[in-house]
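Listed below, chain by chain, are the residues.
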Amino acid sequence: MSISPPIRISFPDGNVKSFDVPPTGLSIATGISPGLAKKAVVVRVNGELWDLNRPIDRDAAFEIITRDKPEALEVIRHDAAHVLAQAVQELFPGTQITFGPSTEHGFYYDFARDTPFSDADLASIEQRMRNIVKRDLPIIREVWSHEAAVAHFEQAGESFKAEWIRDGIAADEELTIYRQGEAWLDMCLGPHLPSTGKLGTAFKLTRVSGAYWRGDANNAQLQRIYGLAFANDADLEAHLKMVEEAEKRDHRKLGKQLDLYHQQEEAPGMVFWHPKGWAIWQAVEQYVRGVYKAGGYQEVRGPQIMDVNLWKKSGHWDNYQDNMFFTESEKRTYAIKPMNCPGHVQIFNAGLRSYRDLPVRYAEFGGCHRNEPSGALHGIMRVRAFTQDDGHIFCTEAQIEPEVTAFHQQAMQVYADFGFTHLDVKLALRPEKRLGDDATWDRAEDALRSALRAAGVATWTELPGEGAFYGPKIEYHLKDSIGRAWQVGTMQVDFMMPERLGATYIDEHSARQHPVMLHRAIVGSMERFIGILIEHHAGALPYWLAPVQAVVTPIVSDADAYASEVAAELSKRNVRVQTDLRNEKINYKIREHSLQKVPVILVVGRKEAEERSVTLRRLGSERQETLLLADAIIELAKH
RNA sequence: GCUCACAUAGCUCAGUCGGUAGAGCACUUCCUUGGUAAGGAAGAGGUCAUCGGUUCGAUUCCGAUUGUGAGCACCA
């Protein structure tokens, strides 16, 4: 028997300890203190997370990850997924396991089973999970050969697992199996907790839904069970509270409560804007119109329908015919426009352009219709009829970078003006189905990268395969009240469309050239953006966006005439103001207008009518402030 | 589009193990003129999403359709 050299373990504080026999994370932790061993979830070995009971067979930089660390939470959640899988297989034999990762707040696991899980099943599955935790089954890591694993899963009737090992795992990749107790195992990269008891009680199954095997709609439909999991009960409780609060901000709920818009069965995915909702729209539109102007854009307007041949030329028909609406007249088929760019190209083409004219910037509040799949519709965030703050810049290749940089800065200013400080910047790269050659795509993608750098963006996420069929794009994403991210702005470089639709300009050598086309939007869809605004501000829009900025209400009917006069004066200064002359007590009216999120309530009684003053109360404050009418007008007319 | 769930008054919801329905708020009328988050009384309001089946009888059970919700897929 040869004597192996001692194993050197170095700790984060710089200490180094030698072991003659490979220690485990748990044994090292126990050596330090039993308390630490109890709190330990996994260990970090040379940067990799390892199981507590996996022998450390090499010299290593070593760190103990306790339960309160973010990395530990991920392990806990992943473990919950495994416990869920075991519970389901114990209760419903014959159900196949597939995958079950951790998520932002918990975990899910996808199962293959003919009968759907019911809500009642969910409750009994959760009970069984708690039972498995109580049994405190040891979780053990084993390394298997591919053949053994395939044989095992096939014999067990787990065809999805067997398929994944064959197709999804490289032959030279280490394949690990985690046993959970005597009878249950799953293939998994790990790491895991040392036993199911360590999972604790802070988990909860939330819902069951469909998902596709390997994320492809052509594959088998699986059943996904979602759950929440946290390190302790208090965190789970806090999360549930937060979700409850977030649901109160849902734009669909607030849209109804604040009487902003409605949707109905006869027009799925379309919006009926009520006066108050449309007032918000107008405020946003006026603001964006100013942005167009400041950015050197000329506002234009194209037709709503155009001959389908134009859409065949542009390539939209090939890619999106299933998602386009068509109409027909006198034996011609027209497409209801799903985009504004071909229209803008027609306007560009209507005259002879010189290189001296470039860049040409067109903008439009362009109404578009897209026949989105029914399952995609969501309030006013994802609709079939929407309006883009769309713009197209026709320019030379050299002008791309300054144009993109200027756009980025303008976009960030717009988001800040609307109260958004945090947003994600992404760069979507060439998709599989695309126009143009790779060299052109290389140039387009690099142009966007260097423009982002020039604009001072330090980090962005690159999304391979997510670009438009005609070019790569920068995307700006905001999150809704329940954490779902929505794309708002975009900037896309397009070398294809001008050529396809015959856009040219005359260069300095009198030669015809195709310009580069930049597609850009800042708020994106007006509908979606207003939905996000409603949620972000929980319905209490800032004064300049509020549909009703002020309500004037008398205390006694003797002051009705004065209240109307105050409202008329404010209205003259373009304040969106209403009166409330109803025969109700002031408490009642204050409550109602406060719930309607009106930023300013002006109360007038006999005293104010005599003094020609108003008593002003701002939303969110109980403070009252009496001002002379003349001063109040100046104050409220400031937008 | 796929899986599952849901659809009752303007809104939020209850209810009917099959005998055509109820509350609160809102609305209308009357009383009340009240100083900063709900004053009181009376009244009116529903083909229980649509279409079909089972049944003596369907809002209730079954099926289809439409729409909505969650997730998946999609998002020019």
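Residues numbered from 1 in each chain as written. Chains lettered and ligands numbered in written order. Predicted model: local features only at pLDDT ≥ 70, side-chain atom pairs only at ≥ 80, totals over all residues. Heavy atoms only, no water.

### Description of the protein's contact with RNA strand B
Part 1 of the argument: Around RNA strand B, the structure places 57 residues, and the nearest of them are Q221, M339, S374, I555 and N583.
Part 2 of the argument: Near-protein atoms of RNA strand B (within 4 Å) split between backbone and bases, with sugar and phosphate holding 51%.
Part 3 of the argument: In the model, a base nitrogen of RNA strand B is placed 2.4 Å from a nitrogen or oxygen of the Y212 side chain.
Part 4 of the argument: Separating a base oxygen of RNA strand B from a side-chain N or O atom of R382 is a distance of 2.8 Å.
Part 5 of the argument: Listing elements by their share of the surface near RNA strand B, those giving two or more residues are β11 (203–212), β12 (221–229), α8 (251–257), α11 (316–320), α18 (586–595), α19 (606–611) and β31 (613–618).
Part 6 of the argument: The class makeup of the residues in the surface near RNA strand B is 21 nonpolar, 19 polar and 17 charged. (Near = heavy atom within 4 Å. Polar contact = N/O pair within 3.5 Å; in protein donor to acceptor, adjacent residues only side chain to side chain. Helix = DSSP H or I, 4+ residues; strand = E, 2+ residues; numbered from the N terminus. Nonpolar A, V, L, I, M, F, W, Y, C, P; charged D, E, K, R; others polar.)

### Structural notes on the confidence of the model for chain A
Part 1 of the argument: Of the residues in chain A, 100% reach a pLDDT of 70 or more, and the chain-wide mean stands at 95.
Part 2 of the argument: Here the predicted complex carries an ipTM of 0.96, next to a pTM of 0.94. (pLDDT = per-residue confidence, 0-100.)

### Let's talk about the side chain of Q223
Part 1 of the argument: Here Q223 shows up in strand β12.
Part 2 of the argument: Note on Q223: relative accessible area 11%, which makes it buried.
Part 3 of the argument: Among the polar contacts made by the side chain of Q223, one reaches the main-chain carbonyl oxygen of R113 at a distance of 3.1 Å.
Part 4 of the argument: Polar side-chain contacts of Q223 include one of 3.0 Å to the backbone oxygen of T115.
Part 5 of the argument: Not counting residues within four places of it along the chain, the set of residues in contact with Q223 comprises Y109, D110, F111, R113, T115, P116, F117, V208 and S209. (Buried < 20%, exposed > 50% of the residue type's maximum accessible area, 1.4 Å probe, protein only. Contact = heavy atoms within 4.5 Å.)

### Topic: unusual backbone geometry
Part 1 of the argument: P191 follows G190 through a cis peptide bond whose omega is 0 degrees.
Part 2 of the argument: You can see P191 is positioned in the loop between β10 (184–187) and β11.
Part 3 of the argument: At S510, a position not held by glycine, the phi torsion is positive, near 65 degrees.
Part 4 of the argument: Positionally, S510 belongs in the loop between β25 (505–506) and β26 (512–513).
Part 5 of the argument: Positive phi is not limited to glycine here, since A538 has a value of about 50 degrees.

### Let's talk about the sheet that holds strand β8 (residues 139–144)
Remark on secondary structure: sheet strands pair via backbone hydrogen bonds, oriented parallel or antiparallel.
Part 1 of the argument: One open sheet accounts for 3 strands, arranged β8-β9-β10; its pairing is antiparallel. Of all strands in the sheet, those with a lone pairing partner are β8 and β10, marking the two edges. Averaged over all adjacent pairs, the angle separating strand axes in this sheet is 25 degrees, with direction ignored.
Part 2 of the argument: Bridging between β8 and strand β9 (residues 175–180) involves 6 bridges; their strand directions are antiparallel. (Pairing = 2+ DSSP bridges. Axes fitted to C-alpha atoms, helices over the stretch in contact; angles between N-to-C directions.)

### Focus on the packing of helix α9 (residues 275–294) against helix α13 (residues 400–417)
Part 1 of the argument: Running from N to C, α9 and α13 point in directions that differ by 155 degrees, and their axes come no closer than 12 Å. Judged on the interaxial angle alone, α13 and α9 are roughly antiparallel. Of the two elements, α9 crosses α13, and the hand of that crossing is right-handed. Residues Y287, V291 and A294 of α9 form the contact with α13, whose own contacting residues are Q410, Q413, V414 and D417.
Part 2 of the argument: Within the contact of α9 with α13, the residues separate by chemical class into 4 nonpolar, 2 polar and 1 charged. (Parallel < 35°, antiparallel > 145°, perpendicular 65-115°, else oblique. Left-handed = near helix turned anticlockwise from the far one by under 90°.)

### Points about the environment of I534
Part 1 of the argument: One can find I534 in helix α16 (residues 526–536).
Part 2 of the argument: Relative accessible area serves as the criterion here: at 2%, I534 is assigned to the buried category.
Part 3 of the argument: If sequence neighbours within four positions are ignored, I534 has contacts with H251, L254, L260, G539 and L541.

### Re helix α17 (residues 560–572)
Part 1 of the argument: Between the first and last C-alpha of α17 there are 18 Å, a value that for 13 residues agrees with the 18 Å anticipated at 1.5 Å per step.
Part 2 of the argument: Among the residues making up α17, those that are buried are Y562, A563, V566, A567 and L570. All buried residues of α17 fall inside an arc of 140 degrees around its axis, so they share one side. Those residues of α17 that are exposed and aimed more than 90 degrees away from the buried face are A561 and K572.
Part 3 of the argument: Those residues of α17 that are buried lie in contact with β28 (550–554), β29 (577–579), β30 (600–604), α19, β31 and α20 (629–637). (Expected span 1.5 Å × (residues − 1). Arc of directions from axis to C-beta.)

### Topic: the state of the cysteines
Part 1 of the argument: For the coordinates displayed, the defined rule picks out 0 disulfides.
Part 2 of the argument: The thiol of C341 is unpaired, and the distance to the nearest cysteine sulfur, on C368, comes to 8.4 Å.
Part 3 of the argument: The exposure class assigned to C341 is buried, which follows from its relative accessible area of 0%.
Part 4 of the argument: Exposure remark for C368: the relative accessible area of 1% places this residue in the buried category. (Disulfide = S-S within 2.5 Å.)

### Comments concerning the pairing of β28
Part 1 of the argument: Of all 5 residues making up β28, 5 are buried, and the element is well covered by its neighbours.
Part 2 of the argument: On β28, burial covers both faces: A550, V552 and P554 on one face and V551 and T553 on the other are all buried.
Part 3 of the argument: As defined by bridge partners, β28 adjoins β29 across 3 bridges and the pair is classed as parallel. Note that in β29 the partner of V551 across the bridge is Q578.
Part 4 of the argument: In the sheet, β28 pairs with β30 via 5 bridges, with the strands oriented parallel. Bridge pairing in β30 places T553 opposite V603.

### Quick word on the pattern of salt bridges
Part 1 of the argument: Scanning the model with the defined rule gives 38 salt bridges in all.
Part 2 of the argument: In this structure, E90 engages R128 in a salt bridge whose closest nitrogen and oxygen atoms are separated by 2.7 Å. Linking E90 in helix α3 (residues 70–91) with R128 in helix α4 (residues 119–135), this pair joins segments that are 38 residues apart in sequence.
Part 3 of the argument: Judged by its relative accessible area of 28%, E90 falls in the partly exposed class.
Part 4 of the argument: In this structure, E569 and K572 form a salt bridge, with 3.3 Å as the shortest nitrogen-oxygen distance. In this pair, E569 and K572 are both assigned in helix α17, 3 residues apart and thus about one turn of the helix distant.
Part 5 of the argument: Connected through shared salt-bridge partners, R430, R434, D438, D442 and E445 make up one network. (Salt bridge = Lys/Arg side-chain N within 4 Å of Asp/Glu carboxyl O.)

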